[in-house]
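Notes for the structure review
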Amino acid sequence: MTATSTGLPAASRTRLVALIGPPNSGKTTLFNRLTGLRQKVANYPGVTVERHVGRAQLGEQAEVDLLDLPGVYSLHPRTEDEKVTSDVLLGKMPDLARPDAVLLILDSTNLGHNLALVAPILALGLPTMVVLNMADDLGSRGGSIELAALSAELGVPVALVSAVQGVGLDTVRSFLRGPAVAARVTFPILQNVQDAPHCRRWAASVTASAGYRAPSPPAWTRRLDATLLHRVWGPAILTLLLIAIWWMIFAGAKPAMDLVELAISSSGSWLKGQLPDTLWRGLLIDGVWAGVGSIVVFLPQILILSLFIGILEDSGYMARAALIADRALASVGLQGKAVIPLVSALACAVPAIMGARMIESKRDRLATIMVAPFMVCSARLPVYTLLIAAFVPGAAWMQAMVLAGLYVLGAVAAFATARLLKSTILKSERMPFVLEMPPYRWPTFRSLSLRLVDRTRVFLRRAGTIILGVAVVLWLMATLPLKPDGSAAEVGESIAGTIGKTIEPAIRPLGFNWKIGVGLITSLAAREVIVSTLGTIYGIESTDEDAIKESLRSELQRDLTPGAAAALIVFFAFAMQCMSTVAVIRRETGGWKWPVLQFTYMLALAYSGAWVANQLTSWLTSA
Amino acid sequence: MQLSGNNARTVADLACHETGVLLSLDLEPALADRLMLLGFLPGEPVEAAQCAPGGDPRVYRVDGTEIALRRETALRLLLK
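Below, the structure is looked at part by part. (Residues numbered from 1 in each chain as written. Chains lettered and ligands numbered in written order. Predicted model: local features only at pLDDT ≥ 70, side-chain atom pairs only at ≥ 80, totals over all residues. Heavy atoms only, no water.)

A few words on the overall build of chain A. When helices and strands are counted, chain A shows 29 helices and 8 strands. In summary, chain A has a C-alpha radius of gyration of 28 Å against a globular reference of 25 Å for 623 residues, a match within 12%. For chain A, the spread of C-alpha atoms along the principal axes amounts to about 85 × 60 × 40 Å. Across the 623 residues of chain A, 54% fall into the buried class. Counting only contacts in chain A whose residues sit at least 6 apart along the sequence, the fraction spanning at least 24 positions is 72%. Working note: accessible area of chain A is about 26,200 Å², and carbon and sulfur atoms make up 64% of it. Here chain A carries 55 positive and 44 negative side-chain charges, and the mean point of each set is 6 Å from the other. (Helix = DSSP H or I, 4+ residues; strand = E, 2+ residues; numbered from the N terminus. Rg over C-alpha atoms; globule rule 2.2 N^0.38 Å. Buried < 20%, exposed > 50% of the residue type's maximum accessible area, 1.4 Å probe, protein only. Contact = heavy atoms within 4.5 Å. Areas by Shrake-Rupley, 256 points an atom, 1.4 Å probe, with all protein chains shown as cover. Lys, Arg positive; Asp, Glu negative; His and termini not counted. Charge placed at Lys NZ, Arg CZ, Asp CG, Glu CD.)

Of the residues lining the interface, 33 residues belong to chain A; the matching set on chain B comes to 29 residues. Summing both sides of the interface, chain A and chain B together bury roughly 2,900 Å²; the carbon and sulfur share of this comes to 57%. Contact with chain B buries area across many residues of chain A, yet Arg-200, Arg-222 and Val-434 of chain A alone supply 21% of it, more than any other trio. Where chain A touches chain B, the interface holds 2 salt bridges. The salt bridge involving Glu-66 of chain B is made with Arg-222 of chain A; its shortest N-O contact spans 3.0 Å. Counting across the chain A and chain B interface gives 4 residue pairs in polar contact (both at pLDDT 80 or more). Of all elements in the fold, only α4 (111-114), α9 (196-209), α10 (219-228), α15 (317-330) and β8 (434-436) of chain A reach the threshold of two or more residues within the side of chain A that touches chain B. When residues of the side of chain A that touches chain B are assigned to their parent elements, the largest contribution, 5 residues, is made by α15 of chain A. (Buried area = accessible area lost by both parts, 1.4 Å probe. Salt bridge = Lys/Arg side-chain N within 4 Å of Asp/Glu carboxyl O. Polar contact = N/O pair within 3.5 Å; in protein donor to acceptor, adjacent residues only side chain to side chain.)

This brings us to the side chain of Asn-114 of chain A. Residues and elements named next belong to chain A. Along the chain, Asn-114 turns up in helix α4. Judged by its relative accessible area of 3%, Asn-114 falls in the buried class. Beyond its immediate chain neighbours, meaning those up to four positions away, Asn-114 contacts Pro-22, Ser-25, Leu-106 and Asp-107.

Read from one edge of the open sheet, 6 strands run β8(A)-β4(B)-β3(B)-β2(B)-β1(B)-β5(B), paired in antiparallel fashion. Two strands bound the open sheet, and with one partner strand each, they are β8 of chain A together with β5 (77-79) of chain B. The sheet shows a mean angle of 40° between the axes of neighbouring strands, direction not considered. Pairing analysis gives 2 bridges linking strand β2 (residues 45-48) of chain B to strand β3 (residues 58-62) of chain B, with the strands arranged antiparallel. When the bridges of β3 of chain B are listed, Glu-47 of chain B appears paired with Arg-61 of chain B. Against the sheet, α15 of chain A makes contact with β8 of chain A together with β3 and β4 (65-69) of chain B, and its axis sits at roughly 145° relative to β8 of chain A, the strand it touches most. (Pairing = 2+ DSSP bridges. Axes fitted to C-alpha atoms, helices over the stretch in contact; angles between N-to-C directions.)

This is the structure in structure tokens:
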């Protein structure tokens, strides 16, 4: 989707109302409540901040476009989120008209620090309604507020709602229907809206005149935190949870993924049977159809991870997880929230990179995205097991040790790279860790399902297009040039094969021959593809997968030295051979700069690592 | 508790569940502003809430909210 297609033309457009509020004020819940599934997600031009626009149906054919702005504590443009928010509200955002009105959502249980945002917003002079959310919590914890007094004090309409329960939204809807009047901006505070102590003092005086009685502390949150943030239990519970998430993505998604694969391959062979045997059929089935399959197959993993992240974020546990993991990750320059993407990357980098969106700091998010592909993903396992079975002699426990060592190697590479990045190109003025611990809440079914729909759309539409393109290109490379009779080339004679042979001198120092070279080219599509490519090149004719692997093992033992096998394993540990990951990173970072840099870096590391592994193993085995 | 030498007490020195009154924020303006908006204002009480795992970062309670800060930040929040 291009930026302009979601930009709203100034003429004949529906009213645009911006939703703004501090983090944890329930802004997105209210947005979802008002718009439901009528949402569009895009990125703001040039930045990684997501733009959510949705249409609210207000009855009698009245509708209004709502814009969910990132959660901010102030309008001072310091972070990327604050800059986007302030640009939008000032009408400085390209492709987006200045909003006609503002809904300012505040947490009513926490008016003291939430009200400080009112002053800079009212200073904008846009028609504004202050929406006090979490009315249910306020009431149940014994707090109260006089709405009329607050409204008189602020000079704008005020509503008390519970977005989770859908209570009190009628006032909000009638405000949205307009026509709204701008706030009477008279109070002295507005002379100095960027001065924090000033805003806070003003907020304190407003809450006092509005008869605000702060609610008692959330008792359940305190009780839960006594365990969940316990010195021993806290980290133990988090570790168990991370293992559960990893296992669910690794194994829990398997049945669904097998089902998707089966559906794609059986529908593919059915289609194949219906079509005449031409090259076009090959392009359609082996290029496009398989390409689509390679995208859709990730969906179960992405949905499972999104569901976990949704539950963790909506319940309030995410802040605690980040807190517990922060110290360990801070030592390599990452922050606590990176723990979820990094653990997910042990199953698959694609959902992990999607999951990195929850890290607010742009540099920390980029660093997390850049290192996640080093973690051993499930696509590396078929390659590792093949090579380990062929080249690590002896007992099963020794082979298991080698595999465990590879997990460590991946993690070490990830953390070393994070450190390198954060001390060089992603050096930040050390984005300080300031994290609010919101009270625990029950996640709602509604909000969780909306998240899943949202992630599915983003993934299929945005990443899908690129993956499809790359799949077709790789198919062409393995098929062209055509034989004189017009049929596809043997893989050794194809463009991919030619490249494999051309790069043979370059990969010779690693101990690889041209066959491995071809495998490296085709495995750019996905790592495990090298297994089937090598099967084809070594001319193994069998339909039984185990038999293929068995004979492939002996072929490799004959064709590769132990040094070359070690080099190949190390190469796979470090190289970015996964077009899906590249495509997702391209989408998540908003350009080719980061994926190209990452690909080059990982290739350089893979090459030098493989060379060292080859030399070292050869020296050890000859000694 | 006593002041050691010239070093003023900071919120990092607060014992678990101890409350102190903030004197000043010795931080760059951007971060100081952010913390003040969250309630870390001179003259306001700050309570060390959780004796969090490992002690860093640690959760502080100000004005009804709980905010986690790294030790390096807490060391710059001076107490009266």
